[in-house]
Number of protein chains: 2
Amino acid sequence: MPDPLPHKPRISIIGSGNVATHLARALDGHACISQVCSRNFTHAQELASRHRGCKAVENLADLDPTVDLCLIAVADDAIASVAQSLPKMQGLVAHTSGSTPIEALAGCSDQIGVFYPLQTFSKDAKVDLSAVTIFTEASNASALAKLDALAWAIAKEARHADSQQRKALHIAAVFGCNFANHLWTIADELLRREGLDLSVLEPLLRVTLDKALTLSPAKAQTGPAARGDQRVIADHLSRLTGLPHDIYSLLTTSILTHNVST
Amino acid sequence: MPDPLPHKPRISIIGSGNVATHLARALDGHACISQVCSRNFTHAQELASRHRGCKAVENLADLDPTVDLCLIAVADDAIASVAQSLPKMQGLVAHTSGSTPIEALAGCSDQIGVFYPLQTFSKDAKVDLSAVTIFTEASNASALAKLDALAWAIAKEARHADSQQRKALHIAAVFGCNFANHLWTIADELLRREGLDLSVLEPLLRVTLDKALTLSPAKAQTGPAARGDQRVIADHLSRLTGLPHDIYSLLTTSILTHNVST
């Protein structure tokens with residue numbers, strides 16, 4: 001674990017969405033949340049009001065250039081333009097995005113970095129950051145040490161990931177989480193048509209995830225495709241229409257292909 | 001919960017694979033495992049040797065027609081032919097398959113049923129049946145009560161499912177478990193190319209499953225497709241080739257379509 005924080009850093013947060021909200025809450029106490037800036041000024045005021053001594057700011061030009069860290073937690077496609085519109089910052093500027101290279105921040109400070117919490121945030125659901133890995137990257141060792149110290153303070157661990165690795169993490173999270181969740185939506189719909197719902201699968205879903213993490217998912221693969229059970233596959237396909245049919249067919253092909261190649 | 005078992009039933013098990021092995025282990029004590037029959041006689045002997053007083057049988061014709069329950073735990077496409085080759089059974093005959101209708105057992109006894117543990121079994125991994133739901137169906141109320149009593153004795157719960165519901169369960173389990181696991185395989189492969197592996201996603205995977213079960217997966221959906229973030233989608237697709245590309249594309253389309261229709 002790197003050196004602890006040398007003093008309580010002053011942090012400005014740009015954005016007032018889910019990531020900004022959860023990070024501000026987690027950082028408060030370890031840092032002084034100095035300013036919150038959002039295009040939606042009402043949101044900025046609401047978020048600022050939760051943090052002692054924190055001011056809401058409407059324009060990027062009004063941000064205090066002397067803060068230790070300016071954290072850009074806005075939509076991915078707004079990061080570069082926000083960075084270009086900042087006053088020249090004396091401290092570290094970091095974004096929180098998995099899919100945006102560090103270069104998007106080039107020029108806005110001598111110290112730039114990435115502080116990417118690998119987690120889905122939604123406003124209603126409470127997120128336990130103490131179980132989350134924060135992936136950090138920075139333009140120099142001193143900036144990296146600062147981000148790591150903050151990450152260790154609020155999360156389970158800090159790990160370093162360059163833009164290439166972060167990109168892989170993000171795509172992997174889309175497959176592993178977003179797409180898996182969508183398959184659960186399809187499963188839920190199929191069950192609801194018969195008066196059941198996803199909850200009947202809960203024990204099986206939990207065991208499946210545990211096995212994938214313990215054995216490796218490739219070794220843990222089961223089911224008609226893994227067995228090459230064409231009779232069951234054909235029967236299932238005959239009962240599906242539309243996108244679920246196409247998804248069943250494509251994922252079956254992919255499992256069969258994996259079985260052959262491994 | 002139905003009446004407890006009136007006496008310790010005598011059970012024959014046909015098959016010596018994963019389902020047969022795990023069910024025999026779980027039932028022993030609640031029932032007397034009387035015979036094990038398998039085409040692979042060595043397997044049958046090995047399984048029989050684990051259960052006191054249990055005999056291995058090579059031919060279906062040698063099964064004791066007086067047992068209380070004959071459990072057919074063989075590959076789905078062998079169930080009907082096994083059932084047709086049984087001696088006329090005086091007790092209950094049930095199969096353990098999610099995808100096979102009860103009618104596959106027609107004629108082999110006056111009492112037929114289904115005893116379907118909704119779980120994946122593999123020989124190496126220990127399965128905790130006490131967390132598993134067993135779905136039962138039977139040709140009459142008395143047979144159903146017997147199967148329910150056994151299910152409550154060895155599993156978390158018994159629930160009734162007719163062949164139509166069991167089919168939906170099986171297809172839903174393929175989507176929710178087998179296909180989700182395959183997405184985790186793809187995620188693992190993408191991460192390994194960058195020196196990481198699926199374990200870095202563990203906190204996120206666990207939270208994603210918890211949310212899907214708590215909120216409903218449709219409400220819990222996040223990610224570039226759920227946000228309609230075409231820039232990230234295009235970037236991810238440009239980095240993928242082969243089946244992962246096609247799977248990303250199709251699942252993204254499906255999530256976008258769901259968002260529009262809900």
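Structure's up top.
Each chain has its residues counted from 1, following the order in which its sequence is written. Note on labels: chains are lettered from A, ligands numbered from 1, in written order. Under the rules for a predicted model, residues below a pLDDT of 70 receive no local features and side-chain atom pairs below 80 are neither given nor counted, while totals for whole chains, interfaces and linings still include all residues. The basis for every side-chain value is the complete set of non-hydrogen atoms in the structure, without hydrogens or water.

Asker: Summarise the overall build of chain A; cite the residues concerned and give the values.
Answerer: Within chain A, the regular secondary structure consists of 10 helices and eight strands. Seen through its principal axes, chain A has C-alpha atoms that stretch 70 × 40 × 30 Å. For chain A, the residues scored as buried account for 57% of the 262 residues in total. Contacts: residue pairs with any heavy atoms within 4.5 Å of one another. Within chain A, contacts between residues at least 6 apart in sequence are counted, and of these 49% link residues at least 24 apart. Of the roughly 10,800 Å² of accessible surface on chain A, 51% is carried by carbon and sulfur atoms. This count recognises Lys and Arg as positive and Asp and Glu as negative, with His and chain-terminal groups excluded. The atom standing in for a charge is NZ when the residue is Lys, CZ when it is Arg, CG when it is Asp and CD when it is Glu. Seen as two clouds, the 23 positive and the 26 negative side-chain charges of chain A have centres 3 Å apart. Helical segments are the DSSP runs of H or I of at least four residues, strand segments are the runs of E of at least two, and each set is numbered from the N terminus. For every residue, the accessible area (1.4 Å probe, protein chains only) is compared with the maximum for its type, and the residue is labelled buried under 20%, exposed over 50%, or partly exposed between those bounds. Surface accessibility follows the Shrake-Rupley procedure with a 1.4 Å probe radius. Residue values consider only the protein chains on display as shielding.

Asker: Residues and numbers for the relation of the copies chain B and chain A, please.
Answerer: For the least-squares superposition of copies, only C-alpha atoms count, and only for residues with pLDDT at least 70 in both. When chain B is fitted to chain A, the best match, at an RMSD of 0.1 Å, comes from turning it 180 degrees and sliding it 0.0 Å along the axis. Within this description, the copies of the chain are treated as partners about a two-fold rotation axis. Judged by C-alpha distance, alanine 180 of chain B is the residue of chain B that lies nearest the rotation axis, at 2.4 Å.

Asker: Summarise the interface of chain B and chain A; cite the residues concerned and give the values.
Answerer: At the junction of the two partners, chain B supplies 86 residues and chain A supplies 85 residues. In this assembly, chain B packs against chain A so that about 8,500 Å² is buried in total across both faces, 70% of it on carbon and sulfur atoms. The partner of lysine 167 of chain A in a salt bridge is aspartate 235 of chain B, and the shortest N-O contact between them spans 2.8 Å. Each polar contact in these results corresponds to two N or O atoms within 3.5 Å; when the atoms are within protein, one needs to be able to donate a hydrogen and the other to accept it, and residues that are neighboring in sequence are counted only if both atoms are side-chain atoms. At the junction of chain B with chain A, the criterion picks out 24 residue pairs in polar contact (both at pLDDT 80 or more). For the side of chain B that touches chain A, the secondary structure elements donating two or more residues are α5 (163–192), α6 (202–215), α7 (217–220), α8 (224–227), α9 (230–238) and α10 (242–261) of chain B. What gets called buried area is simply the loss in accessible area from a 1.4 Å probe that two parts show on being joined, summed for both. Salt bridges, as used here, are contacts in which a Lys or Arg side-chain nitrogen is within 4 Å of a carboxyl oxygen on Asp or Glu.

Asker: Which residues make up the sheet that holds strand β7 (residues 133–138) of chain A, and what values do they have?
Answerer: Residues and elements named next belong to chain A. Two strands qualify as a pair provided that DSSP identifies no fewer than 2 bridges between them. The strand order across the open sheet formed by eight strands is β3-β2-β1-β4-β5-β6-β7-β8, and the pairing between neighbours is mixed. The sheet is open, and its two edges are formed by β3 (55–57) and β8 (157–160), each paired on a single side. Shown here is a sheet whose adjacent strand axes are inclined to one another by a mean of 25 degrees, direction ignored. Sheet topology note: the strand β2 (residues 32–37)/β3 ladder contains three bridges and is parallel. Its bridge partner being in β3, valine 36 is matched across the sheet by alanine 56. Fitted lines through C-alpha atoms give the axes, limited to the stretch in contact for helices. The angle between two N-to-C directions lies from 0 to 180 degrees. Running over the sheet, helix α4 (residues 141–154) touches β1 (10–14), β4 (69–72), β5 (92–95), β6 (111–117), β7 and β8 and is turned about 170 degrees from β7.

Asker: Residues and numbers for the layout of surface pockets, please.
Answerer: Approximately 1,100 Å³ is the volume attributed to the largest pocket. A pocket, in this scheme, is an open set of points on a 1 Å grid over the protein atoms alone with protein on both sides within 12 Å along at least 5 of 7 lines, while a cavity is a set where a 1.4 Å probe fits but cannot get out; residues line either one if an atom lies within 4 Å of a point. Taken together, 43 residues form the lining of the largest pocket, with Val19, Val74, Ala75 and Asp76 of chain A together with Arg227 of chain B sitting closest to its centre. It is helix α5 (residues 163–192) of chain A that contributes the most residues to the lining of the largest pocket, five residues altogether. Ten residue types, Ala, Val, Leu, Ile, Met, Phe, Trp, Tyr, Cys and Pro, are classed as nonpolar, four, Asp, Glu, Lys and Arg, as charged, and the remainder, Gly among them, as polar. Residue classes in the lining of the largest pocket are distributed as 18 nonpolar, 18 polar and seven charged. Along the wall of the second largest pocket there are 37 residues; nearest its centre are Arg227 of chain A together with Val19, Gln119, Thr120 and Phe121 of chain B. Within the residue set of the lining of the second largest pocket, elements represented by two or more residues are α6 (202–215), α7 (217–220) and α8 (224–227) of chain A together with α1 (18–27), β6 (111–117) and α5 of chain B. Grid points are joined across faces, edges and corners, and a volume is the space filled by probe spheres set on the points.

Asker: So what's going on with the sheet that holds strand β5 (residues 92–95) of chain B? Which residues, and what values?
Answerer: All names here are of chain B. Strand order in this open sheet of eight strands is β3-β2-β1-β4-β5-β6-β7-β8, and the pairing throughout is mixed. Whereas interior strands pair on both sides, the edge strands pair on one side only; in this sheet they are β3 (55–57) and β8 (157–160). Taken over all neighbouring pairs, the strand axes of this sheet differ in orientation by 25 degrees on average, direction set aside. As paired strands, strand β1 (residues 10–14) and strand β2 (residues 32–37) are joined by five bridges and run parallel to one another. The residue bridging isoleucine 14 from the neighbouring strand is cysteine 37, located in β2. Across the sheet, helix α4 (residues 141–154) lies against β1, β4 (69–72), β5, β6, β7 (133–138) and β8, angled at about 170 degrees from β7, the strand it touches most.

Asker: With reference to specific residues and values, describe the nonpolar core.
Answerer: Take the buried residues of types Ala, Val, Leu, Ile, Met, Phe, Trp, Tyr and Cys, join any two whose side-chain atoms come within 4.5 Å, and each joined set is a nonpolar core. Core analysis: the biggest nonpolar cluster contains 112 residues, and Leu86, Phe175 and Leu201 of chain A together with Leu86, Phe175 and Leu201 of chain B have the highest contact counts within it. What phenylalanine 175 of chain B contacts, discounting residues up to four positions off in sequence, is Leu183, Ile186, Ala187, Leu190, Leu240, Pro244, Ile247 and Tyr248 of chain A together with Ala180 of chain B.

Asker: An account of the pairing of β1 of chain A is requested, with residue identities and associated values reported.
Answerer: When a strand is regular, its side chains alternate between the sheet's two faces. All names here are of chain A. The buried fraction of β1 is high, at four of five residues. A clockwise course of the path from the first strand over the helix to the second, judged with the strands pointing away from the viewer, identifies a crossover as right-handed. What joins β1 to β2 is helix α1 (residues 18–27), and the crossover it makes is right-handed. Here β1 runs beside β4; their pairing, made up of four bridges, is parallel. Residue serine 12 lies in a different strand from β4, and its bridge partner there is cysteine 70.

Asker: Describe the packing of aromatic side chains, and please don't skip the residues or the numbers.
Answerer: Only centres within 6.5 Å qualify two rings of Phe, Tyr or Trp (six-membered ring in Trp) as a pair; their planes then separate them into stacked at under 30 degrees, edge-to-face at over 60, and tilted for everything else. Enumeration according to the criterion identifies six aromatic pairs over all chains in this entry. Considering the side-chain rings of phenylalanine 175 of chain B and phenylalanine 179 of chain B, the 5.3 Å spacing of their centres and the 85 degrees angle between planes classify their relative orientation as edge-to-face. With phenylalanine 175 of chain B and phenylalanine 179 of chain B both in helix α5 and four residues apart, this pair spans about one turn of that helix. Here the two residues phenylalanine 175 of chain B and phenylalanine 179 of chain B agree in accessibility, since each one is buried. Chaining the aromatic ring pairs together yields one cluster made of Phe175 and Phe179 of chain A together with Tyr248 of chain B.

Asker: Now, about the environment of alanine 24 of chain A: what can you tell me, with residues and values included?
Answerer: Residue and element names in this part refer to chain A. Topologically, alanine 24 is positioned in helix α1. Assessed through its relative accessible area of 0%, alanine 24 is described here as buried. Ignoring sequence-local partners within four residues, the contact set of alanine 24 consists of Ile13, Ile33, Leu47 and His51.

Asker: Can you explain the packing of α6 of chain A against α5 of chain B? Please cite residues and give values.
Answerer: Contact geometry for α6 of chain A and α5 of chain B: axes closest at 10 Å, N-to-C directions at 15 degrees. Judged by the inter-axis angle, α6 of chain A sits roughly parallel to α5 of chain B. Here α6 of chain A runs over α5 of chain B; the crossing is right-handed. Within the contact between the two elements, α6 of chain A uses Leu204, Leu205, Thr208, Leu209 and Ala212 of chain A and α5 of chain B uses Ala173, Gly176, Cys177, Asn181 and Trp184 of chain B. When describing relative orientation, an angle under 35 degrees is termed roughly parallel and one over 145 degrees roughly antiparallel, while 65 to 115 degrees is termed roughly perpendicular and anything else oblique. Helix crossings get a hand from a simple test, with the near helix turned counterclockwise from the far one by less than a right angle marking a left-handed crossing and a clockwise turn marking a right-handed one.

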